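# Descriptive structure summary
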Amino acid sequence: MFAEVVVDVPAAKAAKPFHYGIPDRLRGSVRVGSAVVVPFGGRRLVGYVVGFVDTPDVAKVKHILEVASEVSPLPQGMMALATWMTARYLCRPAEAIAQMFPAAVRQRKASVKTQALIELAVSSEEARAFVTEAEKRAPRQAEVVRALLERGSSVMEGDASGLLRRTCPDAVRALIRKGILASKKVEVMRSPFTDAQAAPPQAGRPPLHLTPDQDRAVSAITAAFDQRSPRPILLHGVTASGKTEVYMRAIEAALARGRSAIVLVPEIALTPQLAGGFRERFGRAVALLHSRLSAGERYDEWRRAERGDARIVVGARSAVFAPVGNLGLVVVDEEHENSYKQEESPRYHAREVACERARVAGCPCVLGSATPSVESFYRARAGEYDYIALTTRVEMRPMPAMDIVDMREELAHGNRSIFSRALARAIRERLARREQVILFLNRRGHSTFVLCRECGHAMRCPECDVALTYHAEEGTLRCHYCNHEEALPDTCPKCGSSYIKYFGAGTEKIEREVMRAFPQARVVRMDLDTTRTKRAHETIVSKFRGGEHDILVGTQMVAKGHDFPRVTLVGVVSADTCLNLPDFKAGERTFQLMTQVAGRAGRGDRPGLVIIQTYAPDHYAVQHARDHDYVGFYEEEIRARQDLLYPPFVHLVLLVVSGEDPGAVERYAASLGASLRVAARSLDPPPHPAPSGAAGVRVLGPSPCAMKRVRRLYRWQILLKGHPLESADEAVRRGLDTCPAPPRGIVVQVDVDPESVL
Ligand SMILES: [Zn+2]
Ligand SMILES: [Zn+2]
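Residues numbered from 1 in each chain as written. Chains lettered and ligands numbered in written order. Predicted model: local features only at pLDDT ≥ 70, side-chain atom pairs only at ≥ 80, totals over all residues.

### Describing the overall build of the protein chain
We count it as follows: Numbering of helices and strands runs from the N terminus, with a helix taken as a DSSP run of H or I at least four residues long and a strand as a DSSP run of E at least two residues long. The burial criterion counts other C-beta atoms lying within 10 Å of a residue's C-beta, which is placed from the backbone; the residue is buried at 20 or more, exposed at 12 or fewer, and partly exposed between these limits.
Along the backbone of the protein chain there are 23 helices and 31 strands. By residue count, 47% of the 758 residues in the protein chain fall in the buried class.

### What about the nonpolar core?
Among soluble globular proteins, nonpolar side chains are generally buried collectively. Formally: A set of buried residues drawn from Ala, Val, Leu, Ile, Met, Phe, Trp, Tyr and Cys, joined through C-beta atoms within 7 Å, is what defines a nonpolar core.
In this structure, Ile262, Ile312, Val313 and Leu720 are the most contacted members of the largest nonpolar core, which totals 199 residues. With seven residues, helix 22 (residues 662-682) is the largest single contributor of residues to this core.

### Some words on the sheet that holds strand 25 (residues 551-554)
Condition: Should DSSP find at least two bridges between two strands, the strands are regarded as paired. Angles here are taken between N-to-C directions and fall from 0 to 180 degrees, while the axes themselves are lines fitted to C-alpha atoms, restricted in helices to the stretch in contact.
Strand order in the open sheet made by the six strands is 17-27-26-18-25-24, with parallel pairing throughout. Only two strands of the sheet have a single partner each, and these edge strands are strand 17 (401-406) and strand 24 (523-526). Averaged over all pairs of adjacent strands, the angle between their axes in this sheet comes to 20°, without regard to strand direction. Two elements, strand 18 (residues 436-441) and strand 26 (residues 567-574), share six bridges in a ladder whose sense is parallel. In the strand pairing of strand 26, Leu441 is matched with Ser574.

### Looking at the sheet that holds strand 6 (residues 66-67)
If you trace the six strands from one edge of the open sheet to the other, you get 5-2-1-4-3-6, paired in mixed fashion. One side of each edge strand has no neighbouring strand; the edge strands of this open sheet are strand 5 (62-63) and strand 6. Bridge count for strand 3 (residues 35-40) against strand 4 (residues 43-53) is six bridges, and the pairing is antiparallel. Across the sheet, Ala35 pairs through a bridge with Tyr48, a residue of strand 4.

### Examining the packing of helix 1 (residues 76-88) against helix 12 (residues 350-361)
How two helices sit against one another is set out by the angle between their axes and by the gap between those axes. Cut-off, in case you're wondering: Throughout this description, any angle smaller than 35 degrees is read as roughly parallel, any larger than 145 degrees as roughly antiparallel, any in the 65 to 115 degree range as roughly perpendicular, and the remainder as oblique. In this scheme, a crossing is called left-handed if the near helix is turned counterclockwise away from the far one by less than a right angle; it is called right-handed if the turn is clockwise. Any pair of residues counts as being in contact when their C-beta atoms, constructed from backbone geometry, are within 7 Å of one another. Classification convention: Asp, Glu, Lys, Arg as charged; Ala, Val, Leu, Ile, Met, Phe, Trp, Tyr, Cys, Pro as nonpolar; all other residues, Gly among them, as polar.
Closest axis-to-axis distance for the helix 1/helix 12 pair is 10 Å, and the angle between their directions is 140°. As summarised for this structure, helix 1 and helix 12 are arranged oblique, according to the angle between their axes. In terms of crossing hand, the pair formed by helix 1 and helix 12 is right-handed. Packed against helix 1, whose contacting residues are Gly77, Ala80, Leu81, Trp84 and Met85, the element helix 12 presents Val353, Glu356, Arg357, Val360 and Ala361 at the interface. Across the contact of helix 1 with helix 12, the residue classes tally to seven nonpolar, one polar and two charged.

### Description of the pairing of strand 28 (residues 651-659)
With respect to burial, strand 28 is a largely interior element, nine of its nine residues being buried. In strand 28, alternate side chains face the same way, and those of His651, Val653, Leu655, Val657 and Gly659 on one face and Leu652, Leu654, Val656 and Ser658 on the other are all buried. Sheet analysis places strand 28 next to strand 30 (residues 713-723), joined by nine bridges and oriented antiparallel. Along strand 30, the bridge assignment pairs Leu652 with Lys721. Two elements, strand 28 and strand 31 (residues 747-752), share six bridges in a ladder whose sense is antiparallel.

### Observations concerning the packing of helix 8 (residues 212-224) against helix 9 (residues 243-256)
Packing of helix 8 against helix 9 brings their axes to within 9 Å, and their N-to-C directions diverge by 35°. Crossing hand, helix 8 versus helix 9: right-handed. In this structure, helix 8 contributes Gln214, Ala217, Val218, Ile221 and Thr222 to the contact, and helix 9 contributes Glu245, Val246, Arg249, Ala250 and Ala253. Taken together, the residues of the contact of helix 8 with helix 9 break down into six nonpolar, two polar and two charged.

### Some remarks on the environment of Ser497
Mapped onto the elements of the fold, Ser497 is located in the loop between strand 22 (485-487) and strand 23 (500-503). Spatially, the C-alpha atoms of Ser497 and Arg453 are 8.4 Å apart, while their sequence positions differ by 44 residues. With sequence-adjacent residues up to four places away left out, Ser497 is seen in contact with Cys452, Glu454, Cys455, Thr491 and Cys492.

### Considering unusual backbone geometry
For the bond running from Gly701 to Pro702, omega is 10°, close enough to zero to count as cis. Along the chain, Pro702 falls in strand 29 (residues 696-710). Put simply, His723 and Pro724 share a cis peptide bond, and its omega is -5°. By the secondary structure assignment, Pro724 is in the loop between strand 30 and helix 23 (725-738). Unlike most non-glycine residues, Leu90 shows phi in positive territory, near 50°. With respect to the element layout, Leu90 can be found in the loop between helix 1 and helix 2 (93-98).

### Some points on the confidence of the model for the protein chain
Stated precisely, the cut-off is as follows: Confidence of the predictor at the level of single residues is captured by pLDDT, which takes values from 0 to 100.
Put simply, the protein chain has an average pLDDT of 86, and 88% of its residues get 70 or more. In this model residues 194-203 is a low-confidence stretch, pLDDT under 50, and it forms 14 contacts with partners more than four residues away in sequence or in other chains.

In structure tokens, the structure reads:
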């Protein structure tokens, strides 16, 4: 018998397994799904066993060196999930399987932390007899044994009780020599919970009463437990409608049936309240998995889940692979968030993997959001997902009022500042009343677009309807989807104004402007730059909540589920930076952000006001966000997607060519583009044309990426639109096969269904 082992090496041949012999000493422990260490090209690499063969395909077969004995082999269901991922995301099998082990195993640094446990090695009667007999002769030894008898016969070395510190270590050693005590190594768990989060070991807190909406939602989810293959459930609840309570009730029901649950949250560091809430409710049954834990903490939490000590795993994207057995429920909170998409290979989407994992386990997957992704809502409408709506807020709080300010009129009235008169007035009022303000700006500007400040016209690609990106050194505008190029106009093509400018103010600039305009206000900024260090984010949040600042200026980070009861005004400085992202999802992102940001206003007793500044007040995303009308937004968005052939009507595959030499990158992108076009034409037409008429594969580009230089690497991209997915995949496979291999220093990345194309 020889093992088939896949190894994660960046070579095309690594798609198929290599054959290795199994030394006698490992014969019992090498199984399908085992992580092993193998010799490979003079190195020792971690590989994964995917099967066995009787005869190896090489004459001189090498042998497996070690088995990662501290973790169990992957169960069959997880191996099936890895196979599914390999096909879905065009990644290598070893990359997919590796995701399912903790990083400590992948890096061969798996470490179990142990401590010595001292325990009685004799029966209690014998121990008591020893105490009586030794009382006079060896009082310290007698004291140790008596203490152990009183405390249930064992104690950790270094226990806080100080038993072993009080008595003489020599006494313990003597007792071990005599065989009355024994010392053994036991594993201790590192806990990711800080003392503040430490919870009682048992679940607590009396249940609150539910709104009728919540009650219906819980019933619908628990009803799905009894179905053989339940569909995913889209839980569409307006902000502050109490989705978390629905998740918790559903989890309680799953636990009551002896099953376990996985809860995915977008970025756990940004949602400490949610993690804390689960811990409070379910105690030590919760394991927490996210990237800010130390490797040791992560590993221990993973093991607690694997052993069944923790039956609920709460975590970010990668927690979808948590090793829980008897899975009964998967929850994806804020399912529309793009942090669920992994931006390095394998480029999987955790929402999709969650649905697939639930399908394999035969359990429901609940996708929760106030602003569902267009794809998920489309699937719900098509009947692929069940749909539950939560339409009322808890405690019947009203939705915040939203005002849209037309920035074109501000200019017409001679106001050139970044604050409209309405927003400036509202900020002053809040400061006078000692209430708090959040000023929101979409991400730090990394691509610039061109906009007319007089009429609001933004320069977009005539073919792709994405914003054109301004390239300063050439003075041109380019579509980074199809490579359409035009000169930067001197005057607005729509109204003739010369106030046509490239755009993109960062949070730092806004912070400076705020300080200048409101010198009496205490201002704090929250974005990637100010939250690099561990806990920086929590510190800003807690200080702001505690009233140490009046105004919080931030990126989308501030839009996440925080509850700030004293915030009564949220200002969106420019909706345009989001509307004009060079991405087909710009409209969807704008609607989501406006809605999430608005959810931050007026969560306490005082009513909230949201002011949105924009040069495009009539844009449907802005209008429907103001009206809290998701369905209205969706219907316009889905029509545009269908007209322009974007997902969910086609699949996108993004190929990014990158390298340090700009000429070589451009040349290779051109030759890859040509191969892909030939491959797309060579495909058989699909048997059933798509309803949208989108059958077949279109190749766009190559064109420079919107972020065309990242960390010294120049980037060009090629975008494929295809339907069905298999035909797009096939075109990519054939294109990559027929194109000459990339020259040294040039890398090609493949991203199936990219979450953003930037
Ligand atoms: Zn104009
Ligand atoms: Zn274009």
